[in-house]
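Fold and contact review
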Amino acid sequence: MDTKTSVMEETISGAIIRRFFEKLENNLAVDVAIVGAGPSGLVAAHDLAKAGLKVAVYESKLAPGGGTWGGGMLFNEVTVQNDAAEILHEFGISTRQYDGQYHTVDSVEMASGLIFGARKAGAVIFNTVKVEDIVMHDGVVSGVVINWNPVARLEMHVDPIVVTSRALIDGTGHPSEIVNKAVHKAGVKIDSPTGGILGERPMWMADGERTTVANTKRLYPGLYASGMAANNTQGGFRMGPIFGGMLKSGRRIAQIVIEDLAK
Ligand code: 48F
């Protein structure tokens, strides 16, 4: 028997298992849990980690990046406004000026650059992990209930594990899945005109872009939303393949959480 081969195999498997469980164990209690690694969640993760907070991002898909990769209708270019292009430049992502007010960005460079930037700032990203529920302690949203997404997809009857957080950001995009849990399962009233989720309205790019940032806020003690999730809760319009609002919403929610956690 070739002992060297079997030793190498043991070493490689051991390296992966030990390093992964070290990462998981170090993140059982975090300052900020972010659900969804779309553009808003990744910018928030970057800014929060850079501010010295312990940040874990949960992404149900294998590849983080959310709706960035596909550009518009799979044409892999996206657009951002001049001021949002500056955020991308901070991540080292290149943009091309278009028509005075806008820049175009290669969507693959944008997705990969945002992921790399968030990770390098110190945020830990758990991909293929679905947040299936929230934790409530004495009227405060206090963490996430997680499981492997393939387990959820196959509807296996497997209990999840739990991570506690001081702040939980719903960055799940259009469905605002986490706020939905808070409203429909925990029965909380969120900071919206009705106390519930108003639901996204149809396409109106200019208004959707403006309101995405205005709608980015703390919704309930311990619970925040960014990007399309924020817009969905407040009944904002959708905007399609322009991403400035998403980037600025991620930055805005990071500022709000930093201020709240410093209180
Ligand atoms: O939708 P998404 O990209 O979020 P966003 O930051 O950006 C929206 C834009 O991409 C686009 C748009 C731009 O103008 O309208 O839609 O608001 O990314 C959300 C991510 O959350 C993941 C999902 O797979 C996606 O990558 N996600 C959703 N639910 C869960 C989740 C969940 N329960 N657990 C973990 N990840």
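Residues numbered from 1 in each chain as written. Predicted model: local features only at pLDDT ≥ 70, side-chain atom pairs only at ≥ 80, totals over all residues. Heavy atoms only, no water.

Here we come to the packing of helix α3 (residues 82–90) against helix α9 (residues 244–262). The interhelical angle for the contact between α3 and α9, taken along N-to-C directions, is 65°, at an axis separation of 9 Å. Relative to α9, the crossing made by α3 is left-handed. On the side of α3, the interface is formed by Asp83, Ala84, Ile87, Leu88 and Glu90, while α9 contributes Gly244, Leu247, Lys248 and Arg251. When grouped by side-chain class, the residues that make up the contact of α3 with α9 number four nonpolar, one polar and four charged. (Axes fitted to C-alpha atoms, helices over the stretch in contact; angles between N-to-C directions. Helix = DSSP H or I, 4+ residues; strand = E, 2+ residues; numbered from the N terminus. Left-handed = near helix turned anticlockwise from the far one by under 90°. Contact = heavy atoms within 4.5 Å. Nonpolar A, V, L, I, M, F, W, Y, C, P; charged D, E, K, R; others polar.)

To continue, consider the site of the ligand. Taken together, 27 residues form the shell around the ligand, and within it Ser40, Glu59, Gly67, Glu177 and Gly240 come nearest. Interatomic distance of 3.2 Å between a backbone N/O atom of Ile242 and an oxygen atom of the ligand. In isolation the ligand exposes 730 Å². Once the protein is present, 92% of that is buried. Where the shell around the ligand is concerned, the elements lending two or more residues are α2 (39–50), β2 (55–59), β7 (129–137) and α8 (227–234). It is β7 that provides the largest number of residues to the shell around the ligand, a total of three residues. (Near = heavy atom within 4 Å. Polar contact = N/O pair within 3.5 Å; in protein donor to acceptor, adjacent residues only side chain to side chain. Areas by Shrake-Rupley, 256 points an atom, 1.4 Å probe, with all protein chains shown as cover.)

Attention now goes to the packing of helix α7 (residues 205–214) against α9. Running from N to C, α7 and α9 point in directions that differ by 10°, and their axes come no closer than 8 Å. One finds that α7 runs roughly parallel with respect to α9. In this structure, α7 contributes Glu209, Thr212 and Val213 to the contact, and α9 contributes Gly244, Gly245, Met246, Lys248, Ser249 and Arg252. Residues belonging to the contact of α7 with α9 are distributed by class as follows: two nonpolar, four polar and three charged. (Parallel < 35°, antiparallel > 145°, perpendicular 65-115°, else oblique.)

The sheet built from three strands is open, its strands ordered β3-β5-β4 with antiparallel pairing. On the outer flanks of this sheet lie β3 (77–81) and β4 (96–98), each paired with one strand and no other. Strand-to-strand twist across the sheet, computed as the mean angle between neighbouring axes with direction ignored, equals 35°. Here β3 pairs with strand β5 (residues 102–106) via five bridges, running antiparallel. Across the sheet, residue Val78 finds its bridge partner in β5, namely Val105. Against the sheet, helix α4 (residues 107–121) engages β3 and β5, with an angle of about 80° to β5. (Pairing = 2+ DSSP bridges.)

This next bit is on the pattern of salt bridges. Enumeration according to the criterion identifies 10 salt bridges in this entry. With a closest N to O distance of 3.0 Å, Asp31 and Arg166 form a salt bridge. In this pair, Asp31 sits in strand β1 (residues 29–35) while Arg166 sits in strand β9 (residues 161–170), placing the two residues 135 residues apart along the sequence. Overall, the relative accessible area of 44% leaves Arg166 in the partly exposed class. With a shortest N-O distance of 2.8 Å, Arg251 and Asp47 are connected by a salt bridge. Of the two residues, Arg251 sits in helix α9 while Asp47 sits in helix α2, which places them 204 residues apart along the sequence. Of the two residues, Arg251 and Asp47, both sit in the buried class. Members of the salt-bridge network, linked through shared partners, are Asp47, Glu90 and Arg251. (Salt bridge = Lys/Arg side-chain N within 4 Å of Asp/Glu carboxyl O. Buried < 20%, exposed > 50% of the residue type's maximum accessible area, 1.4 Å probe, protein only.)

With that out of the way, let us pick up the pairing of β2. Side-chain direction in a regular strand flips from residue to residue, so the side chains alternate between the two faces of the sheet. By the criterion of burial, β2 is predominantly enclosed, with five of the five residues buried. Every second residue of β2 is oriented toward a common face, with Val55, Val57 and Glu59 on one face and Ala56 and Tyr58 on the other, all of them buried. Two elements, β1 and β2, share four bridges in a ladder whose sense is parallel. Bridging across to β2, Ile34 finds its partner in Val57. Once you follow β1 into α2 and on to β2, the crossover reads as right-handed. Two elements, β2 and strand β6 (residues 124–127), share four bridges in a ladder whose sense is parallel. Within the sheet, the bridge partner assigned to Glu59 lies in β6 and is Asn127. (Right-handed = clockwise from strand over helix to strand, strands pointing away.)

Our focus in this paragraph is helix α6 (residues 177–185). Ile178, Val179, Ala182 and Val183 are the residues of α6 that are buried. Summarising the axial view, the buried residues of α6 lie within an arc of 135°, below the 170-degree limit, and thus occupy one face. Along α6, exposed side chains directed more than 90 degrees from the buried face belong to His184 and Lys185. Turning to α6, the residues buried within the fold contact β1, β7, β9, β11 (218–220), β12 (223–225) and α8. (Arc of directions from axis to C-beta.)

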